[in-house]
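What follows is the residue order along each chain.
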Amino acid sequence: MMTPDYAALATAARAARERAYAPYSHFAVGAAALTASGRLFVGCNIENAAFPVTCCAERVALFAAYAEGEREIVALAVAADTRGPVSPCGSCRQVIFELAPHATIILANMGEEITVAFPHELLPGGFTPDDLPQ
Ligand code: THU
């Protein structure tokens, strides 16, 4: 597959951010996951009055892709209105590590600046299925 259009994926993540349900934090996040089959799955953060139940945009996008049977995530873009490129939370880093291990992760804000990283850089030494008893 050709190198994904990082800027276009960041734009899709920014658009998905518009649909965030974030009445408690007022911090909207968007994500866009591109699969090897060429499909795009978007996500936004979805909060809950029981705060810990909240799901981050990254996980919503990855879970949507998996729920449609997709298993090969080529790229995942994340966008929020942060000073620099948004920093995924620890839980999302762990989920990315397992569900999108080969993906290029594109971290963006509302400006032009983007950062590209890989799952093992976001979470060195992440827990894997191999760490479970066989
Ligand atoms: N959030 C995300 O959706 N992704 C991130 O990478 C960082 C945090 C959400 C969770 C919560 O709804 C709000 O941002 C504030 O933490």
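Relevant structure appears above.
Presented here is an overview of the structure given in this document. (Residues numbered from 1 in each chain as written. Predicted model: local features only at pLDDT ≥ 70, side-chain atom pairs only at ≥ 80, totals over all residues. Heavy atoms only, no water.)

Further remarks concern the site of the ligand. All residues in the neighbourhood of the ligand are listed as S25, F27, V29, N45, E47, T54, C56, A57, E58, S87, P88 and C89. A distance of 2.9 Å separates an oxygen atom of the ligand from a polar side-chain atom of N45. Relative to its unbound accessible area of 370 Å², the ligand is 79% covered by the protein chains. Across the shell around the ligand, the residue classes tally to six nonpolar, four polar and two charged. (Near = heavy atom within 4 Å. Polar contact = N/O pair within 3.5 Å; in protein donor to acceptor, adjacent residues only side chain to side chain. Areas by Shrake-Rupley, 256 points an atom, 1.4 Å probe, with all protein chains shown as cover. Nonpolar A, V, L, I, M, F, W, Y, C, P; charged D, E, K, R; others polar.)

Below, the discussion takes up a nonpolar patch on the surface. Together, Y21, Y24, I46 and F51 make up an exposed nonpolar region whose accessible area comes to about 420 Å². Topologically, Y21 is positioned in the loop between α1 (6–17) and β1 (29–35). Here Y21 falls in the partly exposed class, since its relative accessible area comes to 43%. (Patch = residues over 30% accessible without salt bridge, like charges linked within 9 Å, V, L, I, M, F, W, Y side chains within 5 Å. Salt bridge = Lys/Arg side-chain N within 4 Å of Asp/Glu carboxyl O. Helix = DSSP H or I, 4+ residues; strand = E, 2+ residues; numbered from the N terminus. Buried < 20%, exposed > 50% of the residue type's maximum accessible area, 1.4 Å probe, protein only.)

All told, the structure shown has one aromatic pair when counted by the stated rule. Ring centres of Y24 and F51 lie 5.5 Å apart, and the angle between their planes is 45°; on these two criteria the pair is classed as tilted. Taken as a pair, Y24 in the loop between α1 and β1 and F51 in the loop between β2 (40–44) and α2 (57–67) lie far apart in primary sequence, 27 residues in all. Owing to a relative accessible area of 55%, F51 belongs among the exposed residues under this scheme. (Phe/Tyr/Trp six-rings, centres within 6.5 Å; stacked < 30°, edge-to-face > 60°.)

What follows covers the nonpolar core. Grouped together as the largest cluster of nonpolar side chains are 23 residues, with contacts concentrated most on L62, I73, L76 and I105. Among the elements that line this core, the one with the most residues is α2, at five residues. If near-sequence neighbours (up to four positions away) are discounted, I73 is found in contact with A33, L34, T35, L62, A65, Y66, L99, A100, H102 and A103. Counting residues in each nonpolar core, the second largest holds 12 residues, with A32, L34, V74 and A75 among its members. (Core = buried A, V, L, I, M, F, W, Y, C linked by side-chain atoms within 4.5 Å. Contact = heavy atoms within 4.5 Å.)

On to the environment of E112, then. Within the secondary structure layout, E112 lies in the loop between β4 (104–108) and β5 (114–117). Residues E112 and L9, spaced 103 residues apart in sequence, show a C-alpha to C-alpha distance of 12 Å.

Below, the discussion takes up the sheet that holds β1. Spatial ordering of the open sheet is given by β2-β1-β3-β4-β5, a layout of five strands whose pairing is mixed. With one partner strand each, in any of the chains shown, β2 and β5 form the two edges of the open sheet. In this sheet, adjacent strand axes meet at a mean angle of 15° when their direction is disregarded. Note: β1 against strand β3 (residues 73–80), seven bridges, orientation antiparallel. Counted as the bridge partner of A33 is L76 from β3. (Pairing = 2+ DSSP bridges. Axes fitted to C-alpha atoms, helices over the stretch in contact; angles between N-to-C directions.)

Attention now goes to α2. With eight of 11 residues buried, α2 lies mostly within the body of the structure. Three or more residues of α2 are buried, namely A57, E58, R59, V60, A61, L62, A65 and Y66. Where α2 is buried, its residues contact β1, β2, β3 and α3 (90–99). Two residues or fewer after α2 comes G69, characterised by a positive phi angle close to 90°.

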